[in-house]
Amino acid sequence: MSILENYAKRMYNKKVYDCDNTEIYNLLMELVTDETAKLPTRDQDEKKKLYYFSAEFLIGKVLSNNLINLGIYNQINNELIANGKSLMDIEHTEKEPSLGNGGLGRLAACFVDSITKMGINGDGVGLNYHFGLFKQEFDDNQQVTVPDEWLTDKNWIRRTQISFEVPYRDFVLKSTLYDLNILGYKQTHRNRLRLFDLDSVNPNIIEEGTINFNKNNIKENLTLFLYPDDSSHEGRLLRIYQQYFMVSNGAQLILHEAKEKGSNLHDLADYAVIQINDTHPTFIIPELIRLLVEKGIDFDEATDIVSSITAFTNHTILAEALEKWPISDLECVMPHLVDEIRRLDDNIRQKYPNNPETWIIDDYSTVHMANMAIHYGFSVNGVAELHTEILKTSALKPFYDIYPDKFHNMTNGITFRRWVMDANKELSEYLDLKVGTLWHRNADLRGFLDFKDDERTLTKLRAIKHNSKLRLKKRLKDRMGIDLDEHSIIDIQIKRMHEYKRQQMNALWVIYKYCDIKNGNIPETPITVIFGGKAAPAYTIAQDIIHLILTLSELIRLDDEVAPHLQVIMVENYNVTYAQYLIPAADISEQISLASKEASGTGNMKLMANGALTIGTLDGANVEIRNEVGDDNIYIFGKESHEIIDLYNQNAYNSHEYYTREQIKPLVDFIISHGMLYFGNEERLYRLHNELVTKDYFMTLIDLEDYIETKEQMLRDYEDIDAWYKKSVVNIAKSGFFSSDRTIANYNDTIWHLPVSYGEE
Ligand SMILES: *Cc1c(COP(=O)(O)O)cnc(C)c1O
């Protein structure tokens, strides 16, 4: 009897053929869990381990990814097909874990996949959020936030017996550790996500939406949400409670595991290396020092030990995202850590009296998390070449001057197992045919370049893209009742809503196109512009941009002259699952951030690997994408980062100057035209208009004309469909550099120095 039939018999006393999709999902989950349990962790054999601390892990659905990594996807899929079932339908039963929010969390998820695939002993450490960030819904063309209930009774996390006590000022909280197993592609061992939680958390305290709950009731609210709204003081304190909970538990876990393996703690560096993903886990430094001192190690030695094992990844140069906390807030939450932090700061003041900008505590008694992480870690890395250069020469220059050897570049990557093999099965199988299957392991697709001039390859790629559009069409119909034109050019901008990412610039292009069509210039091929992304509840302008897009979408949909040629869709609740539908269907990848502001981006890499052509600024990893594919296979526009940095330094950008230009003014004013006000909300549209005209901090208007011209060129180029797909071949073939396996190999060679152990073929 086949393994599937075995499970069906045992669990339901049925044939697979007679099971419904939920039953099949449940038996597949059981099967994967059993197969996973056969894989040991590496802790028995290896002393040293990586602890990857991150406030988020945006892992996406687990089932099919695990089937792929176990190497049994095809076998199971074929058997299901033979029984009239579809894995895609079965997957609808699975809820996407809501443990992350955007690029940073998705990066952490790609990293744990690659770490495990490469046979590195390494776990992720984070929190088990019950409702994640939030689920996004649209009402009246505006974003509404509701709790994302993903922790149903069938899920992939497993309660463990491990528990620690976390001391706060007024009480002690007892944690529970949950594990989520991470499988590596055809690997012999597993790693884990170690997610801490509290048994006393109580969802019933949420009154409405995701904002209204008692922020002071820490025992009941601690792990309800990722990044709780920090516009109130209580909200900010809650974030500190969370951060401390993550790192205190994580630190105790590290010491517990090291001691079990025989560490005397003086030699902790032989047992652990810690990578902190952005500043949220930075309190691990004083906390680990505190715990070592508690165990009898002297403060200076403890500091040296912790500094020698902690490495920091910087993700942004946006000032508002460089975390800092008032000492008084830390006193409210964990006063016992403040002594350590003051002592660490005193040391820095004595050592670097002439570099006050690097001190940990500033004149306003505010603790700068990145400063602590850089001084007291042994490595700092940026996430793309340009980003690391900007860190060295401007954002973190005072630190680079002190520690030139601490700085490294680790250009981000994505796992091809999820983003090609799982998300785009048809492309994946075609690549297997063309270049063999070694790319599953090394992402080397350069052999595909040989087919750039092969007519049949171009036709096949086009057919694959068309099928992906049909797959997306079905999803959009099911979820939103929208009819996608599968014959249209699909132009996609999917990422968190932020002014620096400039969704508003794309919206202004839509306005340009709308007016152009109204003037009788009908595009040869219809165009569908798809947006997806959440806006932070406290970020008003980002919500206004969502409103602009949704209002535009409605106005165009109801305009019979324009609707056949131009469609605007904003998908509700963009997440990893949605991304897996959208990315394979994309012709155009929008990567139009203001140069210098996007640290790397990873959406750009996913879209490239799926054959979309990029329109983008020279920002983040776009620069490296251009280096890989060459100028002929990417559409670059806009001011460069050094020009933008100069403008900021000289305070020399004046949006009004651009606004009054002949080509720009009508587009911006369209936002508050009668038509828009008819469908939209006056306050939101006026506020956004005013923002663009009087401030435009992220310089949308500076690049608008160049953007429109470049996009028009791109649309003209699409009409030579063979030439277009040749470029697409080059993009796919050159995408291998952006494998997160390469990124992890870089981290390991320069920072972690852990043994690697490739699995068996
Ligand atoms: C990859 C990814 C992101 C990051 O996108 P960027 O374009 O790099 O900002 C955000 N959200 C989801 C769901 C993703 O899969």
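This is a predicted model, so every value here is computed, not measured. (Residues numbered from 1 in each chain as written. Predicted model: local features only at pLDDT ≥ 70, side-chain atom pairs only at ≥ 80, totals over all residues. Heavy atoms only, no water.)

Oppositely charged side chains can pair when the atoms bearing their charge come close. Taken as a whole and assessed by the stated rule, the structure comprises 48 salt bridges. Measuring nitrogen to oxygen at the nearest pair gives 2.9 Å for the salt bridge that ties Lys-473 to Glu-486. In this pair, Lys-473 is assigned in helix α19 (residues 455-480) and Glu-486 in the loop between α19 and β15 (489-494), connecting sequence segments 13 residues apart. The exposure class assigned to Lys-473 is partly exposed, which follows from its relative accessible area of 25%. (Salt bridge = Lys/Arg side-chain N within 4 Å of Asp/Glu carboxyl O. Helix = DSSP H or I, 4+ residues; strand = E, 2+ residues; numbered from the N terminus. Buried < 20%, exposed > 50% of the residue type's maximum accessible area, 1.4 Å probe, protein only.)

Turning next to the nonpolar core. Residues Leu-28, Phe-283, Trp-509 and Leu-566 are the most contacted members of the largest nonpolar core, which totals 262 residues. Here this core gets 13 residues from one element, more than from any other, and that element is helix α8 (residues 233-260). Apart from residues lying up to four places away in sequence, Leu-28 is in contact with Leu-4, Leu-63, Ile-76, Leu-80, Leu-87 and Ile-90. (Core = buried A, V, L, I, M, F, W, Y, C linked by side-chain atoms within 4.5 Å. Contact = heavy atoms within 4.5 Å.)

Two elements in contact, α19 and helix α22 (residues 576-585), have axes whose closest approach is 7 Å; the angle formed by their N-to-C orientations is 140 degrees. As far as their axial angle goes, α22 and α19 are oblique. Of the two possible hands of crossing, α19 and α22 adopt the one that is left-handed. Residue-level inspection shows Lys-465, Ser-468, Lys-469, Arg-471, Leu-472, Arg-475, Leu-476, Arg-479 and Met-480 of α19 in contact with α22, the latter providing Thr-577, Tyr-578, Gln-580, Tyr-581, Leu-582, Ile-583, Pro-584 and Ala-585. By residue class, the composition of the contact of α19 with α22 is nine nonpolar, three polar and five charged. (Axes fitted to C-alpha atoms, helices over the stretch in contact; angles between N-to-C directions. Parallel < 35°, antiparallel > 145°, perpendicular 65-115°, else oblique. Left-handed = near helix turned anticlockwise from the far one by under 90°. Nonpolar A, V, L, I, M, F, W, Y, C, P; charged D, E, K, R; others polar.)

This next bit is on the site of the ligand. Lining the immediate environment of the ligand, one finds 15 residues, of which Lys-495, Lys-501, Thr-602, Gly-603 and Lys-606 sit closest. Measuring from an oxygen atom of the ligand, one finds a side-chain N or O atom of Lys-501 at 2.8 Å. Lys-606 is positioned with one of its side-chain polar atoms (N or O) 2.6 Å from an oxygen atom of the ligand. When the ligand sits alone it has 390 Å² of accessible area, and the protein chains cover 96% of it. Of all the secondary structure elements, the ones that give two or more residues to the shell around the ligand are α6 (103-117) and α23 (603-609). Summarising the domain contributions, the shell around the ligand has at least three residues from each of domain 2 (41-61 + 96-282) and domain 3 (468-723). (Near = heavy atom within 4 Å. Polar contact = N/O pair within 3.5 Å; in protein donor to acceptor, adjacent residues only side chain to side chain. Areas by Shrake-Rupley, 256 points an atom, 1.4 Å probe, with all protein chains shown as cover. Domains from an automatic or database assignment.)

Now for the packing of aromatic side chains. Using the criterion set out here, one finds 23 aromatic pairs in the structure. Between Tyr-718 and Trp-724, the ring centres sit 5.0 Å apart and the planes meet at 75 degrees, which makes this aromatic pair edge-to-face. Tyr-718 sits in the buried class, given a relative accessible area of 9%. Accessibility expressed as a relative area gives 1% for Trp-724, which makes it buried. Ring geometry for Tyr-747 against Trp-752: centres 5.2 Å apart, planes inclined by 25 degrees, an arrangement best described as stacked. For the pair formed by Tyr-747 and Trp-752, the shared burial category is buried. Connected via pairs of aromatic rings, a cluster forms that spans Tyr-52, Phe-111, Tyr-747 and Trp-752. (Phe/Tyr/Trp six-rings, centres within 6.5 Å; stacked < 30°, edge-to-face > 60°.)

By domain assignment, the protein chain separates into domain 1 (1-38 + 62-94), domain 2 (41-61 + 96-282) and domain 3 (468-723). The C-alpha-based centres of domain 1 and domain 3 are spaced at 40 Å.

Next up on the list: the sheet that holds strand β20 (residues 635-636). Ordered in space as β17-β16-β15-β18-β19-β20, the six strands form an open sheet in which the pairing is parallel. The open sheet has two free edges, formed respectively by β17 (566-571) and β20, since each of these has just one partner strand. The pairing of strand β19 (residues 613-616) with β20 spans two bridges and is parallel. By the bridge assignment, Ile-615 is partnered in β20 with Tyr-635. Where helix α20 (residues 503-518) meets the sheet, it contacts β15, β16 (527-532), β17 and β18 (588-591), and its direction lies at approximately 155 degrees from that of β16. (Pairing = 2+ DSSP bridges.)

This part takes up the environment of Ile-205. Tracing the chain through its elements places Ile-205 in the loop between β8 (190-198) and α7 (218-221). The spatial distance from the C-alpha of Ile-205 to the C-alpha of Lys-215 is 9.7 Å, given a sequence separation of 10 residues. With near-sequence residues (within four places) excluded, Ile-205 lies in contact with Asn-212, Phe-213, Asn-214, Glu-220, Asn-221 and Leu-224.

For the rest of this paragraph, the subject is the packing of α8 against helix α9 (residues 284-294). Any two packed helices are characterised by how steeply their axes cross, that is the angle between the axes, and by the distance between the axes. Between α8 and α9, whose axes approach to 9 Å, the crossing angle comes to 45 degrees. Here α8 is positioned oblique relative to α9, judged by the angle of their axes. In this structure, α8 meets α9 at a crossing whose hand is right-handed. Across the interface between the two elements, Tyr-244, Val-247, Ser-248, Gly-250, Ala-251, Gln-252 and Leu-255 from α8 touch Ile-284, Glu-287, Leu-288, Arg-290, Leu-291 and Leu-292 from α9. For the contact of α8 with α9, a count of residues per class yields eight nonpolar, three polar and two charged.

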